[in-house]
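The chain contents come next:
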Amino acid sequence: QAAAETPKPKGRVKKGEKAAAETPTPKGRAKKGEKAAAATPTPKRTPAKRKQTERATPATKRPRKGQAAGPGMFLDGDVVAEAAKENLEAALRNLAGRPDVAASGKKPGDLLAALKTSGGLVNPAKRLLLGEA
């Protein structure tokens, strides 16, 4: 019977650990360091599935309800160039794109003047333009 037992490893094995010789690997699993023999194939998409995914993904995003699709007012090239010199172009476009400012009928030059007065801050410039204060 002593021959049928597996030989015990030399050295001390901590409690709860098994020696490498005592832990058999399952037949279906690969040993550490070896790659799996059979990789799972990727499923092919049928033409019907392709059509479903193409319809589900829109080509362009639509604006949310209540948002303006484009700029609120037309800006002159001269005013935009002047705003760009003073690093206010983004703020000018932001201010001009607001619906209440566009509805007020103010000229692009007035918007730029309000931005200069407010130090480039859009909300204070909007309040100056609309008379809110």
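Residues numbered from 1 in each chain as written. Predicted model: local features only at pLDDT ≥ 70, side-chain atom pairs only at ≥ 80, totals over all residues. Heavy atoms only, no water.

**Q** Please set out unusual backbone geometry residue by residue, giving values where relevant.
**A** For Asn87, which is not glycine, the phi dihedral falls at a positive 55°. Given a relative accessible area of 73%, Asn87 falls into the exposed group. (Buried < 20%, exposed > 50% of the residue type's maximum accessible area, 1.4 Å probe, protein only.)

**Q** Quick rundown of the environment of Phe74? Include the residues and the values.
**A** Within the fold, Phe74 resides in the loop between helix H1 (47–56) and helix H2 (77–85). The class of Phe74 is exposed, set by a relative accessible area of 68%. In this structure the C-alpha to C-alpha distance between Phe74 and Arg93, which are 19 residues apart in sequence, comes to 9.7 Å. (Helix = DSSP H or I, 4+ residues; strand = E, 2+ residues; numbered from the N terminus.)

**Q** Please provide a residue-by-residue account of the pattern of salt bridges, values included.
**A** Scanning the model with the defined rule gives four salt bridges in all. The salt bridge involving Lys116 is made with Glu86; its shortest N-O contact spans 3.2 Å. Separated by 30 residues along the polypeptide, Lys116 in helix H5 (residues 108–117) and Glu86 in the loop between H2 and helix H3 (89–96) bring together distant segments of the chain. Its salt-bridge partner being Lys126, residue Asp100 comes within 3.4 Å of it at the nearest N-O pair. (Salt bridge = Lys/Arg side-chain N within 4 Å of Asp/Glu carboxyl O.)

**Q** Tell me what's going on with helix H6 (residues 122–130), and back it up with residues and numbers.
**A** Every buried residue belonging to H6 is among Val122, Ala125, Lys126 and Leu129, and all of these are buried. Buried residues of H6 fall within an arc of 100° about the axis and therefore sit on the same side. Of the surrounding elements, those touching the buried residues of H6 are H3, helix H4 (99–104) and H5. After H6 finishes, the residue Gly131 shows a positive phi value of roughly 75°. (Arc of directions from axis to C-beta. Contact = heavy atoms within 4.5 Å.)

**Q** Give me the packing of H3 against H6: which residues, what numbers.
**A** The N-to-C vectors of H3 and H6 enclose an angle of 50°; their axes lie 10 Å apart at closest approach. Judged by the inter-axis angle, H3 sits oblique to H6. Here the hand of the crossing between H3 and H6 comes out right-handed. Only Val122, Ala125, Lys126 and Leu129 of H6 make contact with H3, whose side of the interface consists of Ala91, Asn94 and Leu95. Here the contact of H3 with H6 is composed, by residue class, of five nonpolar, one polar and one charged. (Axes fitted to C-alpha atoms, helices over the stretch in contact; angles between N-to-C directions. Parallel < 35°, antiparallel > 145°, perpendicular 65-115°, else oblique. Left-handed = near helix turned anticlockwise from the far one by under 90°. Nonpolar A, V, L, I, M, F, W, Y, C, P; charged D, E, K, R; others polar.)

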